[in-house]
Amino acid sequence: MAAQTTAGTPLVRLSGVNKHFGDNHVLRDINLEVQAGEVIVVIGPSGSGKSTLCRTVNRLETIGTGEITIDGKVLPAEGRELARLRSDVGMVFQHFNLFAHMTVLDNITLGPMKVRKLTKKDAEAKGRALLDRVGLADKAGALPAQLSGGQQQRVAIARALAMEPKVIMFDEPTSALDPEMINEVLDVMIDLAREGMTMIVVTHEMGFARRAANRVIFMADGQIVEIAPPEEFFGSPKSERARDFLSKVMSH
């Protein structure tokens, strides 16, 4: 289950966050609060800053100005406190990022043993339970290359869950998958949402946004243009930019 958080404090808060890549202002004064148990889906055109936003929350990308807090604690730039806070933020990437030379079970147990200091026995018991949870109980001894893309992404989700994070970031988790594999990953994510896991999901999957999101965030040109519940956003978007975007993606 989702980790407990301090009552009343947003689990994730971004305040006045700006980020540049050279002359490119990729995040512009981002202000966002995410409550424990909330599922936030971030959508928008390519180049709008969605993935960069996702990656700043556990300092895979540094920020220029502003502040990010996780459960009330400021995310530092570096050091041991960053490592500790970062372990509370799970990350599921577009391209899985599994260790190719390690078995599925070893991929899952590495973090809990190194960071959470679990024994090998306890980490493996937890890992096997998580593999069962994502429908891959029989793949513990397989290498990533022996799995389909959808199976590898489900292993990546199990690996994130093994750290018992307070929030999981999903950076376009289905965009590298063949169409028939997408639903097997989204189904696992929908189950997590129902169980109360706090999730920030960057995705092009509008059906998932409708079903699982508490709020949809629409980004364009490095800014949050609109935030609304899914029924409101998809039913009557307020901004011309969002209406234009939806007319393109919903017509296919």
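Structure shown above.
Position numbers for residues start from 1 in each chain and track the written sequence from start to end. Since the coordinates come from a predicted model, pLDDT governs what is reported: local features require at least 70, and pairs of side-chain atoms require 80 or more to be given and counted, while whole-chain, interface and lining totals use all residues. The side-chain values count all of the structure's non-hydrogen atoms but skip hydrogen atoms and water molecules.

1. With respect to the sheet that holds strand β7 (residues 167-171)
The pairing of strands in a sheet happens through backbone hydrogen bonds and is either parallel or antiparallel. We apply this condition: Strands qualify as paired when DSSP identifies two bridges or more between them. By the criteria applied, helices consist of DSSP H or I runs no shorter than four residues and strands consist of E runs no shorter than two, each listed in order from the N terminus. Every axis in this analysis is a line fitted to C-alpha atoms, fitted for helices over the stretch in contact. Angles between the N-to-C directions lie between 0 and 180 degrees. Every residue pair with non-hydrogen atoms within 4.5 Å of one another is taken to be in contact.
Taken together, six strands build an open sheet; the order of strands is β6-β7-β8-β3-β9-β10 and the sheet is mixed. In the strand order of this sheet, the two ends are held by β6 (89-92) and β10 (223-228), each with one partner. Pairwise comparison of adjacent strand axes, ignoring direction, gives a mean angle of 20° for this sheet. Relative to strand β9 (residues 215-220), strand β3 (residues 39-43) runs parallel, the two sharing four bridges. By the bridge assignment, I40 is partnered in β9 with R215. Here helix α6 (residues 179-194) sits on the sheet in contact with β3, β7 and β8 (198-202), set at roughly 145° to β8. Packed on one face of the sheet, helix α9 (residues 240-249) meets β3, β9 and β10 and runs near 100° to β9.

2. Focus: the environment of K166
Cut-off, in case you're wondering: Pairs of N or O atoms within 3.5 Å make up the polar contacts considered here, provided that, within protein, one atom can donate a hydrogen while the other can accept it, and that residues adjacent in sequence are counted only when both atoms are side-chain atoms.
Mapped onto the elements of the fold, K166 is located in the loop between α5 (149-162) and β7. Along the backbone, K166 and M199 are 33 residues apart, and their C-alpha atoms lie at a distance of 8.9 Å. At a separation of 2.9 Å, a polar atom in the side chain of K166 contacts the side chain of D71.

3. Describing the pattern of salt bridges
Two side chains with opposite charge may pair up if their charged atoms get near one another. Selection criterion: Between Lys or Arg on one side and Asp or Glu on the other, a salt bridge is scored when a side-chain nitrogen of the former is within 4 Å of a carboxyl oxygen of the latter. Only protein chains enter the accessibility calculation, which uses a 1.4 Å probe; a residue is then buried when its area is under 20% of its type maximum, exposed when over 50%, and partly exposed in between.
Scanning the entire structure with this criterion turns up 16 salt bridges. Linking D88 and K166 is a salt bridge whose minimum nitrogen-to-oxygen distance equals 3.9 Å. Here D88, found in the loop between α2 (80-86) and β6, pairs with K166, found in the loop between α5 and β7; they are 78 residues apart in sequence, far enough to count as distant. The exposure class assigned to D88 is buried, which follows from its relative accessible area of 8%. For K166, a relative accessible area of 15% puts it in the buried group. Three or more residues are tied together by salt bridges with common partners; here these are D71, D88, R116 and K166.

4. A closer look at the nonpolar core
Heads up, the rule is: The term nonpolar core refers to a set of buried residues drawn from Ala, Val, Leu, Ile, Met, Phe, Trp, Tyr and Cys, joined through side-chain atoms within 4.5 Å.
Grouped together as the largest cluster of nonpolar side chains are 52 residues, with contacts concentrated most on I157, F170, M189, M199, F208 and F233. Ranked by residues supplied to this core, first place goes to α6 with nine residues. When near neighbours in sequence (up to four residues on either side) are disregarded, I157 contacts V92, F170, V185, V188, M189 and L192. Counting residues in each nonpolar core, the second largest holds 28 residues, with V17, I30, V57 and L82 among its members.

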